[in-house]
Amino acid sequence: MPDNASYNSSRSNKIIFYFLLFWTILNAIQAFTLELQADEAYYWLYSRYLDWGYFDHPPMVALFIRFGYALIHNEFGVRLLTVLASSTSIYLLWLILKKYAIDAVAFVLVVSGIFIFHIYGFTITPDGPLFFFTVLFYYVYQRYIEQDKWSLAIILALVIACLLYSKYNGVLLIGFTMLANIKMLKRGSFWAIVILSGALYLPHILWQVNHGYPSLNYHLFERSARTYDFTNTFSYIPGQLLMAGPLIGWFLFYKAFTTKIKDAFIRTLIVNCVGTFLFFFISSSRGEVQPHWTFILFAPLVMLVLIHFKQQNGRPKWLFPLAAVNLSLILAVRLIIIFGFGFARTYGHLKSYYGFKDWAHVVKQKAGDHYVVMSEGFQNPAKYDFYTNSLKCFAYDTRYYRRTQFDIWPMEDSLQHKKVLYLNWFPIKGLTTDSIKVEAGTWYTAWIDDFRTYQQINFETSSYKTAAAPGQKATFKLTFKNPYPFAISFSDKGYLHPVVLEACFFKGDGIVNVQKADSTFNQIHLKPGETGHYSFTINAPRTKGNYDLLFSLRTNPFPGSKNGRIITFAVK
């Protein structure tokens, strides 16, 4: 007969195997049945334009989608690697925890109750690759702590590079891991890891340099709130507890943060879990922190909770029924979403899973082979491109919104001087000719002849923070480059729609003052790659206060694009 240790190991492996099988099947069903969510279609477009970087994120999500979509040309193919990566990540967590002889039933109870694991078990976003390489990092690092081997160092460098190519949050994992084990700096192999991972990440750094650091400008400047909003901080902790499990989240955080540090690896987990939690808590003072941004902390959270159970000789008896109810709630929500019952089709982001396939085909029937232009964000244009299997819907990023990858892709180039269908969520007086009403909503259509925009133009100035007295004149020396593969002219001769450069003052969410450039701007002509200059003299608003100043190019009937970084303008 087998001894108790062998029997327990075999039993544990069976429990984990059947759990992973159920987990994979559930995620596969949801990945197959649901339409692409808002951001997923945008990342699918990433995969159509493979590059070393993108406006919002590094390129790993594009590679995940490219691989899966090459095998299966539908929503399931787009999400295929996320489904596989989720199951693999959970299995790696189990392998890491084998050293601590944790209980398989407790493992299943905790992992299955983490709400955020369910969300990203089938949804393809940069968070999926990020979490996979986070867990893989811990798996390799656990061994590297114990064995200073060059083979492990090389593997770790590769994993770190993949981590950074997944999402910028990976920097936190690297930084907090170093902080938790300063002694690693004495290892020669550690510096080899730094050099090799840095070299592997260099193409993305060069991409940022060549494109004017769009990701840094967006995440560090454009995304930050100008004033403190208490609700961002107040909602942060409840959001994290919900992501950890609607009923058990509070208990998991308590157990994780109070785990006893008995070795270097546990210390690494504690520093990463607590450090990441506090980092984003502090970040809430600069703007909204979405609950999923902390995804990387849930790997150490799970491990710490289970290690804590082992340190206390088992989990509390009341946890099993509470965790069962917690899991039942999550599964009920997942089933509601799969079948599209009740609130699923009308609530928040969930409603974007339904009706857009039909919407895209209805719009396609009206547009024919013509390009479609939308000015309501990047998600719906990307959905049209996916469900028509084309690249013929362009997102016009207005001055009231933000810049996106559509400002970098060459899609805008193909539209110039073409007849396009303008699709909007509100009617435009004197222009709208028809409407489209489908389950996904109502849109209004208009035909535009001789399309003309300059969305890729980026105005730069020497300072992005200035002050002036009420009504005082201020001159900005603008520098801009022609990024298009053809010559451009700001002259209106030969064009149906005139172009205007405007200085726009924003206060809060609204525009309060618009000033036009003089006619000398319309005399500028630029060859491909040529740099232009223009001095724009404006009058400061007459009311004291803090404003956001933005330079915008506008051609009718569009509201004007966002052609540069926001300038903080104080009127004193």
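Details of the structure are given in the entry above.
J.: How should I be thinking about the overall build of the protein in this particular structure?
T.: Assigned secondary structure in the protein consists of 19 helices and 14 strands. Relative to its length of 572 residues, the protein is compact, with a C-alpha radius of gyration of 26 Å against a globular reference of 25 Å. With respect to the principal axes defined by its C-alpha atoms, the protein has extents near 90 × 55 × 45 Å. Across the 572 residues in the protein, those meeting the buried criterion constitute 54%. Taking as baseline every contact in the protein between residues at least 6 positions apart, the subset at least 24 positions apart corresponds to 76%. When the accessible surface of the protein is split by element, carbon and sulfur atoms take 62% of a total near 25300 Å². Of the charged side chains in the protein, 53 are positive and 34 negative, and the gap between their average positions amounts to 8 Å.

J.: Even after reading the chapter, I still don't get the packing of aromatic side chains, so can you show me in this structure?
T.: The relation between two aromatic rings is expressed through the spacing of the ring centres and the mutual angle of the planes. Under the counting rule described, the total for this entry stands at 70 aromatic pairs. Considering the side-chain rings of Tyr42 and Tyr43, the 5.8 Å spacing of their centres and the 40° angle between planes classify their relative orientation as tilted. For Tyr42, a relative accessible area of 1% puts it in the buried group. Among the aromatic residues, those joined into a cluster by ring pairs are Tyr454, Phe459, Phe476, Phe480, Phe490, Phe505, Phe521, Tyr534, Phe536, Tyr547, Phe551 and Phe569. Positioned above the aromatic ring of Tyr371, the side-chain terminus of Lys392 is 5.1 Å from the ring centre. One cation-aromatic arrangement involves Arg565 over Tyr464; the distance from NZ or CZ to the ring centre is 4.1 Å.

J.: Explanation requested: the packing of helix H12 (residues 230–244) against helix H13 (residues 249–257) in the structure shown.
T.: Working note: a packed helix pair is described by the angle between its axes plus the distance between those axes. Two numbers describe how H12 lies on H13: the axes approach to 7 Å, and their chain directions differ by 95°. What the angle tells us is that H12 and H13 run roughly perpendicular. Along the contact surface, H12 presents Gln240, Leu241 and Ala244, while H13 presents Gly249, Trp250, Leu252 and Phe253.

J.: So what exactly am I meant to see when it comes to the sheet that holds strand E5 (residues 441–448) here?
T.: Across a sheet, strands are paired by hydrogen bonds formed along the backbone, either parallel or antiparallel in direction. Read across the open sheet, the five strands follow the order E2-E1-E3-E5-E4; overall the sheet is mixed. Of all the strands in the sheet, just strand E2 (393–395) and strand E4 (434–438) have a single pairing partner and so form its edges. Going across the sheet, the axis of each strand differs from the next one's by a mean of 30°, ignoring polarity. With three bridges connecting them, strand E1 (residues 371–374) and E2 associate as parallel partners. By the bridge assignment for E2, Val373 is matched with Phe394. Across the sheet, helix H17 (residues 356–367) lies against E1, strand E3 (420–424), E4 and E5, angled at about 155° from E4, the strand it touches most. Its contacts with the sheet put helix H18 (residues 379–387) on E1, E2 and E5, and the angle it makes with E2 is roughly 165°.

J.: Looking at this structure, I do not really get the sheet that holds strand E13 (residues 545–555). What am I missing?
T.: The five strands lie next to each other as E6-E14-E13-E9-E10, forming an open sheet whose pairing is mixed. Edge positions in the sheet fall to strand E6 (465–468) and strand E10 (510–516), since each of these pairs with one other strand and no more. The mean angle between the axes of side-by-side strands here comes to 30°, regardless of whether they run parallel or antiparallel. Here eight bridges tie strand E9 (residues 499–507) to E13, and the two strands are oriented antiparallel to one another. Bridge pairing in E13 places Ala503 opposite Phe551.

J.: What is the right way to look at a nonpolar patch on the surface in this model?
T.: There is a patch of nonpolar side chains on the surface, built from Leu202, Ile205, Leu206, Val209, Tyr213, Leu216, Leu220 and Phe221 and spanning about 690 Å² of accessible area. Element by element, the count of residues in the nonpolar patch is highest for helix H10 (residues 188–210), at four residues.

J.: Just checking my understanding: could you explain the nonpolar core for this structure?
T.: It is characteristic of soluble globular proteins that their nonpolar side chains tend to be buried jointly. Formed by 147 residues in total, the largest nonpolar core has its most connected members in Phe107, Phe117, Phe298 and Leu301. Leaving out residues up to four positions away in the same chain, Phe117 has contacts with Trp23, Val111, Phe131, Phe295, Phe298 and Val302.

J.: Just checking my understanding: could you explain the pattern of salt bridges for this structure?
T.: Between side chains of opposite charge, a pair can form as their charged atoms come close. Tallied over the entire structure, the rule returns 13 salt bridges. For the salt bridge of Arg315 with Asp103, the shortest nitrogen-to-oxygen distance reads 3.2 Å. Taken together, the positions of Arg315 in the loop between helix H15 (298–311) and helix H16 (319–339) and Asp103 in the loop between helix H4 (75–97) and helix H5 (104–113) put the pair 212 residues apart, joining distant regions of the chain. Among the ionic pairs, Arg452 bridges to Asp492, the shortest N-O distance being 3.2 Å. Linking Arg452 in the loop between E5 and E6 with Asp492 in the loop between strand E8 (488–489) and E9, this pair joins segments that are 40 residues apart in sequence. The structure contains a network of salt bridges with shared partners spanning Arg399, Glu502 and Arg554.

J.: What exactly am I supposed to notice about unusual backbone geometry here?
T.: Across residues other than glycine, the phi torsion is negative in most instances, and most of the peptide bonds are trans. In this structure, the amide linkage connecting Asn556 to the following residue, Pro557, adopts the cis form with an omega of 5°. Relative to the assigned elements, Pro557 resides in the loop between E13 and strand E14 (567–571). For Ala101, which is not a glycine, the phi torsion comes out positive at approximately 50°. Along the polypeptide, Ala101 turns up in the loop between H4 and H5. Among the residues examined, Ala101 registers a relative accessible area of 46% and is labelled partly exposed. Here the phi dihedral of Asn313 falls at roughly 60°; this positive angle occurs in a residue that is not glycine. Inspection of the secondary structure puts Asn313 in the loop between H15 and H16. A relative accessible area of 76% places Asn313 in the exposed class.

J.: Explain the environment of Leu172 here, please?
T.: When you line up the elements, Leu172 lands in helix H9 (residues 170–180). Sequence separation between Leu172 and Gly275 is 103 residues, and the spatial gap between their C-alpha atoms is 8.3 Å.

Calculation rules
Residues numbered from 1 in each chain as written. Predicted model: local features only at pLDDT ≥ 70, side-chain atom pairs only at ≥ 80, totals over all residues. Heavy atoms only, no water. Helix = DSSP H or I, 4+ residues; strand = E, 2+ residues; numbered from the N terminus. Rg over C-alpha atoms; globule rule 2.2 N^0.38 Å. Buried < 20%, exposed > 50% of the residue type's maximum accessible area, 1.4 Å probe, protein only. Contact = heavy atoms within 4.5 Å. Areas by Shrake-Rupley, 256 points an atom, 1.4 Å probe, with all protein chains shown as cover. Lys, Arg positive; Asp, Glu negative; His and termini not counted. Charge placed at Lys NZ, Arg CZ, Asp CG, Glu CD. Phe/Tyr/Trp six-rings, centres within 6.5 Å; stacked < 30°, edge-to-face > 60°. Lys NZ or Arg CZ within 6 Å of the ring centre and 35° of its normal. Axes fitted to C-alpha atoms, helices over the stretch in contact; angles between N-to-C directions. Parallel < 35°, antiparallel > 145°, perpendicular 65-115°, else oblique. Pairing = 2+ DSSP bridges. Patch = residues over 30% accessible without salt bridge, like charges linked within 9 Å, V, L, I, M, F, W, Y side chains within 5 Å. Salt bridge = Lys/Arg side-chain N within 4 Å of Asp/Glu carboxyl O. Core = buried A, V, L, I, M, F, W, Y, C linked by side-chain atoms within 4.5 Å.

Function cannot be read off these values alone, since they describe shape.
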